[in-house]
Structure formats: structure tokens, C-alpha cells
Amino acid sequence: MYQIKIIRIFLILWLVLPSCITPYEPHIESKDIYKYVVSGQVTDESEHQTVSISMASPVNDPQYIPVSGCYAFITDDKKHKFVMQESDTEPGIYTVEIDGQYLIPGMAFKIDIITPDGTRIESDFDRMPQCPDVDDVYYEITDNVSEVTGEVTQGIQFYIDLEAANVNNRFYKWEVTETWENHVDYPREWYYDGTVHHIYPPDYSRMVCWSTEKVKDIYTLSTENLEENRYEKYPLNFVSNLTSKLLYGYSLLVNQISLSEEAYAYWDQMRINSTEQGGLYEKQPLSITGNLHNALDPDQEVLGYFSASSVKSKRIFVQHVENLEILFGSYCTPVLLKYGFRELGPSDYPAFLMGDEDTYYMILLSSDCVDCLYYGGTNIKPGFWPY
């Protein structure tokens, strides 16, 4: 009898408990979802200036929603006006060429936007500060501990030193772009598409590629409370020895960006929100206020920031890191076709096969064995690549 009661209690708990534990989903007003988002800056790095105009999307369905057909223009504090044009190939991307004579530290810039529905968006003026040259970018072999799993991974940690004694600005951000060389194991030589074909000489053009990605992390620094306008060993990105990035050659491009105090406050909040937010129960997302406004409806928030920045750049190359074992093998796994071509259908064509100059074998080579473009990137060596 006692066992029967225990079983009944267990069954009741099993049925009831799941209905009591309901994940918390914050209620988001529809008016808080579809807000305009403006992202862009004027820099002295290039005369080509770019601004993105889009709509915010729901948190549970993040996506880029471009806004086309806007009238957008940039003005400086000397009343020069630079009208932007929307890209023919990228909706919501607006560009303009500003002659270098106007891109001088000390100048201030703002943007005005009129959307197709008549909304008028404008930013505050942002003054371009002076930027010091990049002092030194370097790396050290180190262990990285995952904050999520606690797993320890070995790799290289990049750092940058700031030496800015000769400038007045105290607020900085770094943007980091990585490029690496990747290889596949086999040339394209034999393939089947209902008939066997032999490419001779073998096609080696897709055995070596270069991939480029912008590191998503935000790196900000203020020296306002330091005695000197300098900083040593600021950590940038970490590259694990478990990936293919360090196998053949790796390059890191670092853009050092001087910010106004207001722009720094915005980007530092963005950094905190993206790296330290934690779970929903740990910390609520920060409300980040930019410098953009709806001129006709001040109560309607506009997301993003428009800034004016001076930029200096430096590139570092890495190859064959001493005392670092790369624990990455290959993406390629040849597959034996036990039943011959009957295992292949039109959706598999062209199906590449292992072989040599004289014959092929019933061994299937997938795209990640014979085509480095399968991973993205390009098989055209970048002009800056030294190896």
C-alpha cells in the first residue's frame, strides 16, 4: 500500500511540475520593435563614407530589415553638405565620397535622414578627435578558459599598446579584422555526373583560399582617469589552436579609432551589454541611448549612433607559432562507395572522386575535400599577403 502511494505522488508531481515552470518571456510592445536603426560614421581613413539605415527586429527573430528610398545627407560644422546615394546592390546602405580636405580632426559632422514615410531623423554633431599612430600589436601563447563550459583551450592572445602622449584625446575603440589561409586536401580531378569525367591536368585552383572576418567583439578604452595617455597590453581577440586559422598563415588588421567622449560612452555601453549581460535573471539589458533623434516625434526612439572618428591602422602577420601545437586535422572525410555509383543521385552532382593520373577509385570526396571556396572567402591571394 505504501509503495502505491509513493507511485501516485510521483505521477502527480511528474504531471504538475512541468506546468509550473514557465520560461519568462518579457512582453515587448509592438511600438518598441519597429524602430529605425542608423549605424555609420565619418572617418579620415578613407574618403568613402557609409551609413546603414534599417528597422529593428523582434528579439526572438533577429534579422536585417533595410530601409530603402531614404534621402540622407551629411553636413559639417562649416555648413558643407554631402548628399548620400543608396547602393544599387545593398538595400539600406548609403554612401558618399567626402574629399580629404574636409576630413580634418577638429571638424564636427552630423547626419540628416528623411525616410519614405516622412520620418525625419537627425543626429547631434560629433567632433572628430585626433588619433595617435598604432604603437604595437603582438601576441602571447596562453590558455583561454570558457566562461560557459570552463573548458581550457590553448592558443594565442593578441594585445595592443597605446601610446598617445602627443594627442589630447582620451577615448578609443579598436576594430579587428582577421584573415587566414586555408587549404583542402585534394585537387579537382575525377568527377561523376552520370558519366565519369577526368580533369587533366588536375585543377589546383581551389586548393588554397583566404577567408576574412570582422571580429564581433567590441574593444573600448578610456585613459581619462590615468596619469598618462598611454596603456600597455590591452587584450584583443584570442585565436584557438583547435581551429584551422593558425595552420598556414594568419593576419590581424587593427583599426585604432579615436572617439569623442559621447561616442565612447555609447560604445562602452554596447561593449558591456554584449559581453557582460549574462542571463535574463542575472542582469537586464542596458538601455543604450545614442545621438539620433526623430525630429518630428521626440518620443519615438531611434537606435544607433553616428560619429566622426580619426583612424590609424596596423597589420600583424602570424605563421608557424613556435611551441604551439595545432590540434586541427582536416574537415575532409573520404567515403567509400560500397555500392558504386548507385549511391549517387543528381543532387550529388558533380560528385568528385579520389584518383590519380591513370584511374579513379570508388571513394567520394565531398566539397570540403576539393573546394576551399566551400568555406567562403576567395581563392585570389590578397594583395597584402606576404607568404
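Cut-offs applied
Here the residue numbers are simple positions, counted from 1 along each chain's written sequence. Given that this is a predicted model, residues contribute local features only at a pLDDT of at least 70 and side-chain atom pairs are listed and counted only at 80 or more, while totals for whole chains, interfaces and linings are drawn from all residues. Only hydrogens and water are set aside when side-chain values are computed; all heavy atoms of the structure are taken into account. Helix numbering and strand numbering both begin at the N terminus, where a helix is a DSSP run of H or I of at least 4 residues and a strand a DSSP run of E of at least 2. Under the scheme applied here, a residue whose accessible area is under 20% of the maximum for its type counts as buried, over 50% as exposed, and between as partly exposed, the area being computed with a 1.4 Å probe on protein chains only. A contact between two residues is defined here by any heavy atoms of the two lying within 4.5 Å. Reported accessibility uses the Shrake-Rupley method at a 1.4 Å probe radius. Residues are deemed covered only where the shown protein chains occlude them. In this analysis, the expected span of each helix is defined as 1.5 Å times one less than the number of residues it contains. What pLDDT reports is the predictor's confidence in each residue, on a scale of 0 through 100. We place a 1 Å grid over just the protein atoms. Points where a 1.4 Å probe fits but has no way out form a cavity, open points with protein on both sides within 12 Å along at least 5 of 7 lines form a pocket, and any residue with an atom within 4 Å of a point lines it. Grid points are joined across faces, edges and corners, and a volume is the space filled by probe spheres set on the points. Nonpolar residues are Ala, Val, Leu, Ile, Met, Phe, Trp, Tyr, Cys and Pro. Charged residues are Asp, Glu, Lys and Arg, and all others, Gly as well, are polar. Note that patches include only residues with greater than 30% relative accessible area and no salt bridge, and the join distances are 9 Å for like charges and 5 Å for nonpolar side chains (Val, Leu, Ile, Met, Phe, Trp, Tyr). Any carboxyl oxygen of Asp or Glu that lies within 4 Å of a side-chain nitrogen of Lys or Arg is treated as forming a salt bridge with it. Counting rule applied: Lys, Arg positive; Asp, Glu negative; His and chain ends not counted. In this description, the location of a charge corresponds to atom NZ of lysine, CZ of arginine, CG of aspartate or CD of glutamate. Stacked, edge-to-face and tilted labels apply to pairs of Phe, Tyr and Trp rings (six-membered ring for Trp) whose centres lie within 6.5 Å, assigned for plane angles under 30 degrees, over 60, and everything in between, in that order.

**Describing the overall build of the protein chain**
Right, so step 1: Each helix and strand counted, the protein chain has 3 helices and 24 strands in total.
Right, so step 2: Here the protein chain holds 387 residues, and 40% of them are scored as buried.
Right, so step 3: Within the protein chain, residue pairs in contact and separated by at least 24 positions form 71% of the contacts whose partners lie at least 6 positions apart.
Right, so step 4: Here the protein chain has roughly 22,400 Å² of accessible surface; of this, 51% comes from carbon and sulfur atoms.

**Focus: helix H2 (residues 261-275)**
Right, so step 1: Taking 1.5 Å per residue as the helical rise, H2 with its 15 residues ought to reach 21 Å, and the 21 Å between its terminal C-alpha atoms agrees with that figure.
Right, so step 2: When H2 is considered as a whole, its buried residues turn out to be Ala 263, Tyr 264, Tyr 266, Asp 268, Arg 271, Ile 272 and Asn 273.

**Quick notes on the confidence of the model for the protein chain**
Right, so step 1: The pLDDT averaged across the protein chain works out to 88; a share of 88% of its residues lies at or above 70.
Right, so step 2: Low confidence marks residues 1-29, where pLDDT is under 50. Its contacts with residues over four positions away, or in another chain, come to 6 contacts.
Right, so step 3: When the criterion is pLDDT under 50, residues 277-286 qualifies, and its contacts beyond four places in sequence or with other chains add up to 12 contacts.

**Some words on the layout of surface pockets**
Right, so step 1: Estimates place the volume of the second largest pocket at around 610 Å³.
Right, so step 2: Around the second largest pocket, the lining comprises 16 residues; the ones closest to its centre are Asn 144, Glu 147, Asp 217, Tyr 219 and Leu 236.
Right, so step 3: For the lining of the second largest pocket, the secondary structure elements donating two or more residues are strand E11 (136-145), strand E18 (230-240) and H2.
Right, so step 4: Take the lining of the second largest pocket: its biggest share by element is 5 residues, from E18.
Right, so step 5: Taken together, the residues of the lining of the second largest pocket break down into 7 nonpolar, 5 polar and 4 charged.

**Describing a negative patch on the surface**
Right, so step 1: On the surface, Asp 124, Glu 224, Glu 261 and Glu 262 cluster together into a negatively charged patch.
Right, so step 2: Note that Glu 261 resides in helix H2.
Right, so step 3: With relative accessibility at 44%, the residue Glu 261 sits in the partly exposed group.

**Considering the packing of aromatic side chains**
Right, so step 1: Counted by the stated rule, this structure contains 25 aromatic pairs.
Right, so step 2: Both rings, one in Tyr 266 and one in Trp 267, keep their centres 5.3 Å apart while their planes meet at 85 degrees; by these two values the pair is edge-to-face.
Right, so step 3: Residue class for Tyr 266 comes out buried when judged on its relative accessible area of 9%.
Right, so step 4: Geometrically, the ring pair formed by Tyr 374 and Tyr 375 is edge-to-face, given 5.8 Å between the ring centres and 75 degrees between the ring planes.

**With respect to unusual backbone geometry**
Right, so step 1: In the segment running from Tyr 200 into Pro 201, the intervening peptide bond is cis, with an omega of -5 degrees.
Right, so step 2: With respect to the helices and strands, the residue Pro 201 is situated in strand E15 (residues 196-203).
Right, so step 3: A cis geometry characterises the amide bond from Tyr 349 onward to Pro 350, with omega recorded as -10 degrees.
Right, so step 4: Position of Pro 350 among the secondary structure elements: in the loop between strand E22 (335-336) and strand E23 (351-355).
Right, so step 5: Residues other than glycine seldom take positive phi values, yet Lys 79 does so here, at roughly 70 degrees.
Right, so step 6: Tracing the backbone through its elements, the reader meets Lys 79 in the loop between strand E4 (71-76) and strand E5 (81-83).

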